[in-house]
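Chains, contacts and geometry: an overview
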Amino acid sequence: MTHPVLADYLRTLSSHTGPGLAPLPLGACADMLGLDGLGLLLAPGESPGELVQSFGEHTLALEDLQQVQGHGPTLAAARHGTLMLLPDVADTATFAGDRWPGLPGAIEALGVRAVFSFPLRIGVVALGALTGHRVRPGPMSTDQLTDAFGLADTIAQIVIATAAHAELPGTSLLDDPGLHFAEVHQATGMLAAQLETDCDHALIRLRGHAFSEGRPLLDVARDVLARRLDLEGDGDTG
Amino acid sequence: MPELPREQQLAAAFVDLADTLVQDFDVIGFLHALAEHCVALLDVAAAGVLLATPSGQLVDAAASDERTRQLELASIEWDEGPCRDCFRTKSPVPNVALATRAAEMRWPRFAPRAVEVGFTSVVAAPLRLHDHVIGALNLFRDRPGPLDDTQLRLGQALADTATIGVLQQRAVSEQMTFTAQLQAALDSRVIIEQAKGYLAHRRGTGVEEAFTVMRRYARDHQTRLTEVARQVLQGTADASLLKRRDR
């Protein structure tokens, strides 16, 4: 069964004539699932993952935090295809604290209490993850979980169909700001030029700095781009 | 395998034929296994399988032994035989005694060759899921009398299972290709962003201005933007692109 929200969306898809794909109705989907935010992370094959669509004021910060720490529910769902249900990040009895030391506390500090990550998969093919959150703790209901599985499956099908048919596959899935972490990549390139190193190493330096300062990666990236931050004498942190 | 009770042999065969979602899947090796299971489980002397491409050309053969494989390959070349008929009509070919006038009329080259190799009769079952036929299975006997119906149904069941396995594997490998395209598209977006930042530092400009320069260079040199970005990051870009802004 397809939920009315998705049925509407699938109808707009078939009558959509503009370039690329009609943006996913993540706001309406979040409502349907009783969530305060939803983010779509694409991580096909070996790629580290890019947030391409996002709804809710904490979504970007939640993904940023996992980028800085290098792990978390979204990345686990995307990479390993595992369902991640964290109905209360403040509950120290769950696996989250052991698995990702420091992360549950940092998520709580953002004002987020519950995180749910659903893998985007078709059979054995991993495409990314759909992560929702709530500012109040508590599990999702069985109906909400059923709808969330359906949504993740539908999005996986849309993603694969877009990749198969679009002239510039993938790009049409990006909503208006494009890559939500575009500035992180720009700052990575700038840092690579400054430090005369490659982008992989530059990104590690950028993340290391954000981690040790306890700041969002995006903020650090903006400082680098505005030439407010010089990592040249920073040494290898993180 | 003869040590195992028949039920266990059967179960093992079906599990084996469902196991296609592996990294290094080899379709001919898989169809060879189908032929071997048929010979182990059914009262037949040999089994051969013909495989078609998605566009409907019969292209390759696997068989339980080499003489049968040669016979199947010849049947592709001659464009005649039970597998070919079965594939074309999408339906089974019921038992045909090979050393008969009727068989020779039907398959002038295939029937005598099959008799020469030592076979007395043949049946064929399509590798079919709904109306999708990907090939056909031949079961050969070297003793008098036809294959009984129960055995024929089991042969068809093995063929059906193998078909689902092959189609499933094809669907997954197609999705793997799309996934690789998606990954390439995302990677190129990331590389362009990184190159903007890299150029901004080298030229002493803002990120947007660096992007304008890079786009203009790509247009003037009829090069893809992603390629220019890659050259920038690898340090192989044209010096004019990397020099500081003149004033």
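You'll find the structure just up there.
Presented here is an overview of the structure given in this document. (Residues numbered from 1 in each chain as written. Chains lettered and ligands numbered in written order. Predicted model: local features only at pLDDT ≥ 70, side-chain atom pairs only at ≥ 80, totals over all residues. Heavy atoms only, no water.)

1. Details of the layout of surface pockets
Each pocket or cavity is described by its volume, and for the largest pocket that value is around 650 Å³. Within the residue set of the lining of the largest pocket, elements represented by two or more residues are strand S2 (50–55), helix H3 (59–69), helix H4 (73–80), helix H8 (182–195) and helix H9 (199–213) of chain A together with helix H7 (149–203) and helix H9 (225–234) of chain B. Its residues assigned to classes, the lining of the largest pocket comprises 13 nonpolar, eight polar and eight charged. (1 Å grid on protein atoms, 1.4 Å probe; cavity = no way out; pocket = protein on both sides within 12 Å on 5 of 7 lines; lining within 4 Å. Points joined across faces, edges and corners; volume = space filled by probe spheres on them. Helix = DSSP H or I, 4+ residues; strand = E, 2+ residues; numbered from the N terminus. Nonpolar A, V, L, I, M, F, W, Y, C, P; charged D, E, K, R; others polar.)

2. Digging into the nonpolar core
Of all hydrophobic cores here, the largest spans 41 residues; its most connected members are Leu-206 of chain A together with Met-214, Val-232 and Leu-241 of chain B. When residues of this core are traced back to their parent elements, those giving at least two are H8, H9 and helix H10 (217–225) of chain A together with H7, helix H8 (207–220), H9 and helix H10 (239–242) of chain B. In contact with Leu-241 of chain B, other than residues within four places in its own chain, are Leu-199, Arg-203, Val-213, Tyr-217, Val-228 and Val-232 of chain B. Ranked by size, the runner-up nonpolar core spans 40 residues in total, among them Ala-30, Ala-114, Phe-118 and Val-125 of chain A. (Core = buried A, V, L, I, M, F, W, Y, C linked by side-chain atoms within 4.5 Å. Buried < 20%, exposed > 50% of the residue type's maximum accessible area, 1.4 Å probe, protein only. Contact = heavy atoms within 4.5 Å.)

3. Some words on the pairing of strand S5 (residues 125–134) of chain A
All names here are of chain A. For S5, the tally of buried residues reaches ten of ten residues, placing the bulk of the element in the interior. Summarising the sheet, strand S4 (residues 114–122) and S5 pair through nine bridges and their orientation is antiparallel. Looking at the pairing, Phe-116 lines up with Gly-132 of S5. Here S4 hands over to S5 after two residues, with Gly-123 in that stretch at a positive phi of 55°. (Pairing = 2+ DSSP bridges.)

4. Some points on a nonpolar patch on the surface
All names here are of chain A. Together, Leu-83, Leu-85 and Phe-149 line one region of the surface with nonpolar side chains, adding up to about 230 Å² of accessible area. Structurally, Leu-83 can be placed in the loop between H4 and strand S3 (84–86). The exposure class of Leu-83 is partly exposed, given its relative accessible area of 37%. (Patch = residues over 30% accessible without salt bridge, like charges linked within 9 Å, V, L, I, M, F, W, Y side chains within 5 Å. Areas by Shrake-Rupley, 256 points an atom, 1.4 Å probe, with all protein chains shown as cover. Salt bridge = Lys/Arg side-chain N within 4 Å of Asp/Glu carboxyl O.)

5. Here we look at the packing of aromatic side chains
The geometry of an aromatic ring pair is captured by two quantities: the separation of the ring centres and the angle between the planes. Residue and element names in this part refer to chain B. In total, this model carries six aromatic pairs over all chains according to the counting rule given. Consider the rings of Trp-107 and Phe-110, whose centres lie 5.8 Å apart with planes at 80°: the pair is edge-to-face. Across this residue pair, the class does not change: Trp-107 and Phe-110 are buried. Grouping aromatic residues by their ring pairs yields a cluster made of Trp-107, Phe-110, Phe-119 and Phe-140. Of note, Lys-196 hangs over the ring of Phe-211, and the distance from its end group to the ring centre comes to 4.3 Å. (Phe/Tyr/Trp six-rings, centres within 6.5 Å; stacked < 30°, edge-to-face > 60°. Lys NZ or Arg CZ within 6 Å of the ring centre and 35° of its normal.)

6. Quick word on the sheet that holds strand S3 (residues 93–97) of chain B
Residue and element names in this part refer to chain B. Pairing in this open sheet of five strands is antiparallel, and the strands run S2-S1-S5-S4-S3 from one edge to the other. Each having just a single partner strand, strand S2 (58–63) and S3 make up the two edges of the open sheet. Adjacent strand axes in the sheet meet at a mean angle of 20°, parallel and antiparallel pairs treated alike. Bridge count for strand S1 (residues 46–52) against strand S5 (residues 132–141) is six bridges, and the pairing is antiparallel. Counted as the bridge partner of Leu-51 is Gly-135 from S5. Docked against the sheet, helix H4 (residues 82–89) engages S1, S2, S3, strand S4 (121–129) and S5, running at close to 150° with respect to S5. (Axes fitted to C-alpha atoms, helices over the stretch in contact; angles between N-to-C directions.)

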